[in-house]
Amino acid sequence: MDIKIGIIGLGYVGLPLARLFATKYPVVGFDINQNRISELNKGNDFTLEVEKELLQSVLVEKPSSKVGLFCTTQLEDIKDCNYYIITVPTPVDKNNRPDLTPLYKSSETVGKVLKQGDIVIYESTVYPGLTEEECVPVLERVSGLKFNVDFFAGYSPERINPGDKEHTVDKILKITAGSTPETGLKVNEIYKSVITAGTHLAPSIKVAEAAKVIENSQRDINIAFVNELAKIFNILDIDTQAVLKAAGTKWNFLNFKPGLVGGHCIGVDPYYLAQKAQEAGYHPEIILAGRRLNDSMGEYVASRIVKLMIKKRIPVNHSKLLMLGVTFKENCPDVRNTKIVDVIKSLQDYGITVSIYDPWANPTEVKHEYGLITTKTLPTDKYDTIVLGVAHNEFLTIDLEQFKNPNSVVYDVKGVLKCSIDGKL
């Protein structure tokens, strides 16, 4: 049987995957965002995950049996696919409860075109059991087909690292799994055919789901530990970075840095695991404690900045502050779940006027998501306080003197500035 792949969701995860598969198979990329599809068909990727030349090299003008990528918003265009890969986000709501709406809607979309023998693969990070307990019933209900008789499911969790041009999708080992042993082999084979780093076939979908969700939970807990250390060492007037550098001379010391934990994975995935654990009657103390500590860091950073301003006798209310960076990580336009916003809003609560400069972030997206005004143009004003929030390359060599008043505070959230600073995390 000839393989034809439908990728549902063309964001940070779906597009690089679609581009990669399109070097070997006919691929149809489906997304409900018409503007996104229009830009992709011009070869433009606003996420900057796929370079224009690379994207244009695989684009085709219509869906066919030929190798290449066709991007569309039309359901009709994906009906001939026999592998469907769902790469939609899995966010949490305002109460940090898993929001499965994107998964339900994308499952309904695939269910409308699902046929005998098709395989539906999920890449979204979920808690163990979610694929078969929540998504598969939607596929069955909409399609009228029977799971593991008429159609099958697979799971291969995404490991995309936004902005990372070294660890691209083909160079990251891929976990795979299937709803039956035969399906697992089929899922493994199609990924193995394009992933140069290799694959690991897990014995079940639940195992693969659990493996993915603990990857980010583990990182979250380790970062929470060093964040707590930073709080302790700040009270003791000890340089946290110097302590970590010294401790890091031991061969098995884990090299984690204090910071703001945001983004679409680490700041979200632990809540999925916690949700499943609580449903099973277990209260996950360490996981939730780590989340609480990391979620509190925005307010903590803001309080540190305000204390430095007070020490310098800078009137806090109506003072002017320049925030350098608003994305969730350096050298990347991704603003999903960025915790710099927590710092900004806490500073605004003190009556501080915050200006945001970020050459990477899309001002329209930031305004839509957070109601904040950002600029890509280098400011010309002077500020009472300058905060490095994100370690974009542009900020590492920037002359901060051009923004400073005679008595300005300079605070380095990331601990990377080489110039004179008043404080860091």
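Residues numbered from 1 in each chain as written. Predicted model: local features only at pLDDT ≥ 70, side-chain atom pairs only at ≥ 80, totals over all residues. Heavy atoms only, no water.

### Some points on the state of the cysteines
Alright, step 1. For the structure on display, the rule yields zero disulfides.
Alright, step 2. Cysteine C81 shares no disulfide, and the gap to the nearest cysteine sulfur, in C71, comes to 12 Å.
Alright, step 3. In this structure C332 is a free cysteine whose sulfur lies 12 Å from that of C265, the closest cysteine sulfur available.
Alright, step 4. With relative accessibility at 0%, the residue C332 sits in the buried group. (Disulfide = S-S within 2.5 Å. Buried < 20%, exposed > 50% of the residue type's maximum accessible area, 1.4 Å probe, protein only.)

### So, the UniProt feature "domain: UDP-glucose/GDP-mannose dehydrogenase C-terminal" (unreviewed entry) in the protein chain
Alright, step 1. Within this structure's numbering, the places UniProt gives as "domain: UDP-glucose/GDP-mannose dehydrogenase C-terminal" (unreviewed entry) are residues 322–419.
Alright, step 2. For residues 322–419, helix accounts for 22% and strand for 26%, while the C-alpha atoms at its two ends are 16 Å apart. (UniProt positions renumbered as here; feature names shortened; annotations may be inferred. Helix = DSSP H or I, 4+ residues; strand = E, 2+ residues; numbered from the N terminus.)

### Quick look at the pairing of strand β13 (residues 404–412)
Alright, step 1. Taken together, the five bridges between strand β12 (residues 383–388) and β13 define a ladder with parallel strand orientation. Looking at β13, one finds that L388 is bridged to D412.
Alright, step 2. The sheet contact formed by β13 and strand β14 (residues 423–424) spans two bridges and is parallel. Across the sheet, Y411 pairs through a bridge with G423, a residue of β14. (Pairing = 2+ DSSP bridges.)

### Focus: the sheet that holds strand β3 (residues 68–72)
Neighbouring strands of a sheet are bound in pairs by backbone hydrogen bonds; such pairs are parallel or else antiparallel.
Alright, step 1. Reading across the sheet, the eight strands line up as β3-β2-β1-β4-β5-β6-β7-β8 and stay open at both edges, with mixed pairing between neighbours. The open sheet terminates on both sides in strands that have one partner only, identified here as β3 and β8 (199–201). Each strand of the sheet is rotated relative to its neighbour by a mean of 20°, with strand direction disregarded.
Alright, step 2. In terms of strand pairing, strand β1 (residues 5–8) meets strand β2 (residues 26–30) through four bridges, oriented parallel. Bridge pairing links I8 to F30 in β2.
Alright, step 3. Helix-sheet contacts for helix α5 (residues 130–143) involve β5 (119–122) and β6 (152–155), and the interaxial angle to β5 is about 140°. (Axes fitted to C-alpha atoms, helices over the stretch in contact; angles between N-to-C directions. Contact = heavy atoms within 4.5 Å.)

### What about the pattern of salt bridges?
Alright, step 1. Per the counting criterion, the structure on display carries 19 salt bridges.
Alright, step 2. Notably, a salt bridge pairs K276 with E133, separated by 3.0 Å at the nearest N-O pair. Of the two residues, K276 sits in helix α9 (residues 269–279) while E133 sits in helix α5, which places them 143 residues apart along the sequence.
Alright, step 3. By relative accessible area, E133 is classed as partly exposed at 39%. (Salt bridge = Lys/Arg side-chain N within 4 Å of Asp/Glu carboxyl O.)

### Re the packing of helix α7 (residues 205–235) against helix α10 (residues 285–295)
Alright, step 1. At their nearest, the axes of α7 and α10 sit 9 Å apart, and the two run at 55° to each other. It follows from the interaxial angle that α7 and α10 lie oblique. At the point where α7 passes α10, the crossing takes the left-handed sense. Contacts from D220, I221, I223, A224, N227 and E228 of α7 reach α10 at I286, I287, G290, R291, L293 and N294.
Alright, step 2. In the contact of α7 with α10, the residues fall into six nonpolar, three polar and three charged. (Parallel < 35°, antiparallel > 145°, perpendicular 65-115°, else oblique. Left-handed = near helix turned anticlockwise from the far one by under 90°. Nonpolar A, V, L, I, M, F, W, Y, C, P; charged D, E, K, R; others polar.)

### A few points about the pairing of strand β4 (residues 83–86)
Alright, step 1. Side chains Y83 and I85 of β4 all project onto a buried face; the interleaved residues Y84 and I86 project onto the opposite face, where all are buried too.
Alright, step 2. Across four bridges, β1 lies against β4 in parallel orientation. Paired with I8 across the strands is I86, a residue of β4.
Alright, step 3. By the bridge criterion, four bridges tie β4 to β5 in an arrangement that is parallel. Residue Y83 lies in a different strand from β5, and its bridge partner there is I119.

### Some details on the layout of surface pockets
To find the voids left in a structure, one rolls a probe of water-molecule size over its atoms.
Alright, step 1. The computed volume of the largest pocket comes to approximately 1500 Å³.
Alright, step 2. Taken together, the residues of the lining of the largest pocket break down into 15 nonpolar, 20 polar and 13 charged.
Alright, step 3. The calculated volume of the second largest pocket comes to roughly 1100 Å³.
Alright, step 4. Taken together, 40 residues make up the lining of the second largest pocket; nearest its centre are N161, R219, I266, F328 and K329.
Alright, step 5. By residue number, the principal contributor to the lining of the second largest pocket is α7, which donates five residues.
Alright, step 6. A per-class count over the lining of the second largest pocket returns 16 nonpolar, 14 polar and 10 charged. (1 Å grid on protein atoms, 1.4 Å probe; cavity = no way out; pocket = protein on both sides within 12 Å on 5 of 7 lines; lining within 4 Å. Points joined across faces, edges and corners; volume = space filled by probe spheres on them.)

### Quick word on the sheet that holds strand β11 (residues 374–375)
Alright, step 1. The parallel open sheet is built from six strands, whose spatial order is β11-β10-β9-β12-β13-β14. Looking at which strands have only one partner, the edges of the open sheet turn out to be β11 and β14.
Alright, step 2. Bridge analysis of strand β9 (residues 320–324) against strand β10 (residues 353–357) gives five bridges, and the strand direction is parallel. Directly across from L321, in β10, lies its bridge partner V354.

### Some thoughts on α5
Alright, step 1. Between its first and last C-alpha atoms α5 spans 19 Å; for 14 residues at 1.5 Å apiece the expected length is 20 Å, and the two agree.
Alright, step 2. The largest bend in α5 comes to about 35°, at V136, with the proline P137 one to four residues further on.
Alright, step 3. Looking at the buried side of α5, the elements it contacts are α4 (101–111), β5, β6 and α7.
Alright, step 4. Two residues or fewer past α5, G144 is found with a positive phi of approximately 80°. (Expected span 1.5 Å × (residues − 1). Bend = angle between axes of the 7 residues up to and from the residue.)

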